[in-house]
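Architecture and fold: a report
Chain residues, written in single-letter form:
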Amino acid sequence: MNMLNTQKLTIFATFLVAALFTLQACGTSSNEDHSDPFGAALILNGEEVAAHEGGQITYKDGDHLEVEAGEETNRIQLRWIDEDGDRFTLETRDGFSLRWNIADESVLGVNQDDDDGPWDFHLFGAGVGESTIQFELWHNDHADFTTLPFQVRVIE
């Protein structure tokens, strides 16, 4: 009887440790397959045009991104930023994907073409005005990281 209780306790402890490790794995930066982002950079035509880093948004020029109404930008590459400021991408096969939230879709849209990578997209000027866009690093069924809102001005 004592041996049976010891086996049950061992099995229970093993399951408990495994469950705790699984719950913690998504949020730790020590998991080599999954770097935790602390920000995101937007790269257009080989130049970083905006970044969410250190709790703020910065722009290469001015205080917003700009798109012409009825036009689409060249391909924008999104790179996640780790706590050391290094830019990186993640493997989509590990359950990661890119999602976005647009404040006013009558002003701004996003196109992601078949030949774009999973972290690449085009902004589209749907109508003259201003809007914001936030990007999310989606992991299976939840967002691991959401950027601050990037300001976008759509001009004539």
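Read on for a plain summary of the structure.

So, how was this worked out
- Residues numbered from 1 in each chain as written.
- Predicted model: local features only at pLDDT ≥ 70, side-chain atom pairs only at ≥ 80, totals over all residues.
- Heavy atoms only, no water.
- Core = buried A, V, L, I, M, F, W, Y, C linked by side-chain atoms within 4.5 Å.
- Buried < 20%, exposed > 50% of the residue type's maximum accessible area, 1.4 Å probe, protein only.
- Contact = heavy atoms within 4.5 Å.
- Salt bridge = Lys/Arg side-chain N within 4 Å of Asp/Glu carboxyl O.
- Helix = DSSP H or I, 4+ residues; strand = E, 2+ residues; numbered from the N terminus.

Within the largest apolar cluster, 29 residues are counted, with the highest numbers of intra-cluster contacts made by L42, W80, F121, L123 and I133. The residues contacting L42, other than those within four sequence positions of it, are E47, E48, V49, A50, L65, I76, Q77, L78, F121, F135 and F150.

This part covers the pattern of salt bridges. Oppositely charged side chains are able to pair whenever their charged atoms sit close together. Applying the stated criterion across every chain yields a total of seven salt bridges. Of the charged contacts, one joins K60 and E47 as a salt bridge, the two residues approaching to 3.0 Å between their closest N and O atoms. Here E47 lies in strand β2 (residues 47-53) and K60 lies in the loop between β3 (56-59) and β4 (65-68), a separation of 13 residues in the sequence. Note that R153 and E130 form a salt bridge whose closest N and O atoms lie 3.0 Å from each other. Within this pair, whereas R153 is found in strand β12 (residues 150-155), its partner E130 is found in strand β10 (residues 129-139), the two being separated by 23 residues in sequence. Look at R153 and you get partly exposed, because its relative accessible area is 29%. Each of the salt bridges in this network shares a partner with another, and the network as a whole consists of E47, K60 and D61.

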